[in-house]
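Results of the structural survey
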Amino acid sequence: MAGGWSKDGAVQEQIDSTVEDALERARSELPSGESLTYCEECDEAIPQARREAVPGVRLCINCQSERDKHRSAVSGYNRRGSKDSQLR
């Protein structure tokens, strides 16, 4: 049952769009290509197990952890939602 100006299933469509956007963003941030042997920031050796587990890895665990701490949080707000749903 829809309310206001929205059609039936509009809420589920917004949820699906939000999930799809989050997946697309996460996939775009995955490393690709050949893994580096040494970290591109601190020149420490990247362990073989990490290079095999994360193909295309470019940072050691410590540098990646620091980068992840400083990464800005992404808003889960769905910009595709209807104007009616944004006013509630």
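Residues numbered from 1 in each chain as written. Predicted model: local features only at pLDDT ≥ 70, side-chain atom pairs only at ≥ 80, totals over all residues. Heavy atoms only, no water.

This next bit is on the pattern of salt bridges. Summed over all chains, the structure comprises three salt bridges. As a salt-bridge pair, R67 and E41 come within 2.5 Å of each other at their nearest N and O atoms. In this pair, R67 is assigned in helix α3 (residues 61-70) and E41 in the loop between α1 (10-28) and α2 (48-53), connecting sequence segments 26 residues apart. When the shortest N-O distance is used, the salt bridge between E66 and K69 registers 3.3 Å. Here K69 and E66 lie together in helix α3, a separation of three residues that amounts to about one turn. What makes K69 exposed here is its relative accessible area of 60%. (Salt bridge = Lys/Arg side-chain N within 4 Å of Asp/Glu carboxyl O. Helix = DSSP H or I, 4+ residues; strand = E, 2+ residues; numbered from the N terminus. Buried < 20%, exposed > 50% of the residue type's maximum accessible area, 1.4 Å probe, protein only.)

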